[in-house]
Amino acid sequence: MSSVPTVTGPNAGDEARPSAKRRRRGLPGGGPSGGGERRGTASRGGASGLAGWPFVVPFLVFFVLFLVVPLGFGLWMSLTDSSLTGHGDGTFAGLDNYAEAFTDSEVWQSLGNTAWFTVLSSVPLVLFSLVMALLVHTGLPGQWVWRLSFFAPYLLPVAVVTQVWMMLYQPESGLFNTALEAVGIDGIGWLVEEKYAMWSVALLTLWWTVGFNFLLYLAALQSVPDHLYEAAALDGAGAWRRLWSITLPQLRRTTGLIAVLQVLASLKVFDQIYLLTKGGPAGSTRPILEYIYDTGFTNYRLGYASAVSYVFFAIVVVLSLAQLKLFSRRED
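Criteria and cut-off values
Residues numbered from 1 in each chain as written. Predicted model: local features only at pLDDT ≥ 70, side-chain atom pairs only at ≥ 80, totals over all residues. Heavy atoms only, no water. Helix = DSSP H or I, 4+ residues; strand = E, 2+ residues; numbered from the N terminus. Buried < 20%, exposed > 50% of the residue type's maximum accessible area, 1.4 Å probe, protein only. Core = buried A, V, L, I, M, F, W, Y, C linked by side-chain atoms within 4.5 Å. Contact = heavy atoms within 4.5 Å. pLDDT = per-residue confidence, 0-100. Polar contact = N/O pair within 3.5 Å; in protein donor to acceptor, adjacent residues only side chain to side chain. Phe/Tyr/Trp six-rings, centres within 6.5 Å; stacked < 30°, edge-to-face > 60°. 1 Å grid on protein atoms, 1.4 Å probe; cavity = no way out; pocket = protein on both sides within 12 Å on 5 of 7 lines; lining within 4 Å. Points joined across faces, edges and corners; volume = space filled by probe spheres on them. Nonpolar A, V, L, I, M, F, W, Y, C, P; charged D, E, K, R; others polar. Axes fitted to C-alpha atoms, helices over the stretch in contact; angles between N-to-C directions. Salt bridge = Lys/Arg side-chain N within 4 Å of Asp/Glu carboxyl O. Expected span 1.5 Å × (residues − 1). Bend = angle between axes of the 7 residues up to and from the residue.

Quick word on the environment of Ile292
Phase 1 of the analysis: Mapped onto the fold, Ile292 is located in helix 14 (residues 288–298).
Phase 2 of the analysis: The exposure class assigned to Ile292 is buried, which follows from its relative accessible area of 14%.
Phase 3 of the analysis: A C-alpha to C-alpha distance of 8.6 Å links Ile292 and Tyr304, two positions twelve residues apart in sequence.

Regarding the nonpolar core
Phase 1 of the analysis: Trp165, Tyr169 and Leu276 are the most contacted members of the largest nonpolar core, which totals 18 residues.
Phase 2 of the analysis: Of all elements in the fold, only helix 5 (105–137), helix 7 (158–168), helix 9 (194–222) and helix 13 (271–276) reach the threshold of two or more residues within this core.
Phase 3 of the analysis: In terms of residue count, the dominant contributor to this core is helix 9 (five residues).
Phase 4 of the analysis: Setting aside anything within four residues of it in sequence, one finds Tyr169 in contact with Phe176, Trp190, Leu191, Ser200, Leu203, Leu204 and Leu276.
Phase 5 of the analysis: If you look at the next biggest cluster of nonpolar residues, it comprises 16 residues, including Leu125, Val126, Leu221 and Ile258.

Some thoughts on the confidence of the model for the protein chain
Phase 1 of the analysis: In this model, the protein chain carries an average pLDDT of 84, and 83% of its residues clear a pLDDT of 70 or more.
Phase 2 of the analysis: By mean pLDDT, the top-scoring element of the protein chain is helix 7 (95), and the lowest-scoring one is helix 1 (residues 17–25) (48).
Phase 3 of the analysis: Across residues 18–33, where pLDDT falls below 50, the model places eight contacts with residues more than four positions away in sequence or in other chains.

Considering the side chain of Asn113
Phase 1 of the analysis: The residue Asn113 is located in helix 5 in this model.
Phase 2 of the analysis: From its side chain, Asn113 meets the backbone oxygen of Arg286 in a polar contact 3.1 Å long.
Phase 3 of the analysis: Not counting residues within four places of it along the chain, the set of residues in contact with Asn113 comprises Met198, Gly283, Ser284, Thr285 and Arg286.

Digging into the packing of aromatic side chains
Phase 1 of the analysis: Summed over the entire model, instances satisfying the criterion amount to 18 aromatic pairs.
Phase 2 of the analysis: Between Trp165 and Tyr169, the aromatic rings sit 5.6 Å apart at their centres with planes inclined by 55°, giving tilted as the arrangement.
Phase 3 of the analysis: A relative accessible area of 7% places Trp165 in the buried class.
Phase 4 of the analysis: According to the relative accessible area criterion, Tyr169 is buried, its value standing at 2%.

A look at the side chain of Ser121
Phase 1 of the analysis: Relative to the elements of secondary structure, Ser121 occurs in helix 5.
Phase 2 of the analysis: Look at Ser121 and you get buried, because its relative accessible area is 1%.
Phase 3 of the analysis: Here Ser266 takes part through its side chain, which lies 2.9 Å from a polar atom of the side chain of Ser121.

A word on the layout of surface pockets
Phase 1 of the analysis: Each pocket or cavity is described by its volume, and for the largest pocket that value is around 460 Å³.
Phase 2 of the analysis: Breaking the lining of the largest pocket down by element, the ones donating at least two residues are helix 3 (53–78), helix 14 and helix 15 (302–331).
Phase 3 of the analysis: Here the lining of the largest pocket takes nine residues from helix 15, the largest share from any one element.
Phase 4 of the analysis: Along the lines of polarity and charge, the residues of the lining of the largest pocket split into twelve nonpolar, five polar and one charged.

Re the packing of helix 4 (residues 96–103) against helix 5
Phase 1 of the analysis: Put simply, helix 4 and helix 5 touch, their axes get as near as 5 Å, and they point 60° apart. In this structure, helix 4 uses Ala101, Phe102 and Thr103 to contact helix 5, whose residues at the interface are Ser105, Val107 and Trp108.
Phase 2 of the analysis: Among the residues forming the contact of helix 4 with helix 5, the class breakdown is four nonpolar, two polar and no charged.

Some remarks on the pattern of salt bridges
Phase 1 of the analysis: For the structure on display, the rule yields three salt bridges.
Phase 2 of the analysis: Ionic pairing is found between Arg301 and Glu100, a salt bridge with its closest N-O pair at 3.0 Å. Of this pair, Arg301 sits in the loop between helix 14 and helix 15 while Glu100 sits in helix 4, and the two are 201 residues apart along the sequence.
Phase 3 of the analysis: On the basis of relative accessibility, which here comes to 30%, the residue Glu100 falls in the partly exposed class.
Phase 4 of the analysis: Between Arg286 and Asp294 there is a salt bridge, with the nearest N and O atoms lying 3.9 Å from each other.
Phase 5 of the analysis: Residue classification places Arg286 among the buried positions, given a relative accessible area of 17%.

With respect to helix 3
Phase 1 of the analysis: Taking 1.5 Å per residue, 26 residues should reach 38 Å; helix 3 reaches 35 Å between its end C-alpha atoms and fits that length.
Phase 2 of the analysis: Roughly 35° is the biggest bend found in helix 3, and it falls at Val64.
Phase 3 of the analysis: Within helix 3 the residues assigned to the buried category are Gly74, Met77 and Ser78.

Below is the structure:
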């Protein structure tokens, strides 16, 4: 019988190594799985890429139907003399509506009122919310009571808030004038005098919406690392030094976010002013959104109202980008 020679020693597996190397490198001769694995991986990658579309398509449909289409239709309407009455509906007017908007004194007055309200409301809403969050974060007794009392007004609907504050602002029987008269000060026409009307709206807005900013600040304070305060205390830093050197720098991102959100919310003010003063007295509190509403749905000039709204939209975009750029530079 013939025997088959066997190879032993360090070169025992050399004959099988080339095919294994070929299989690992994907070279020809490395077995049937050399190029098939890559083709299978590519096909699985394409399938996994398509697997997410069923989750994205519903959002895209709603996005197009309720944002893209209305924006495009509104832009086209701003170039026409469309009206709710149907007269001249669809007649192309070019840029006449935009030219009229830039020369309309009521547009500029409404923009001025909106800017004044933004200043009156945004600055206190940032500062007061920061102070309230700091007080609660320091460990005041009854934490849940403070958090509930600060945030609860934000949950109320605007109709309820305005009705309550209209009773407080009553010139004869309101709580504010009653308190002033108790200390010998004459009552104030909170909603009927031009120099007080916008301040009254800003005060209502401060009480109503400060809870949201307070919650954001409180969450940011709870995320500040404790070891920073411990190290500062070991170095002899007092409470004020820790506030200025640790707390406020750590809140810089949150402050920027709150400032941007608050400015945008103040620029879009409409509900509380419309329910409280109807834009009066003498148009001193009418914001730009109320002017757009009156122009489109009271005077029936939809085309012109659309043009004014797009002018205001461009102003909001520019202010938002400038504000974001400003805060990013400060952070850098």
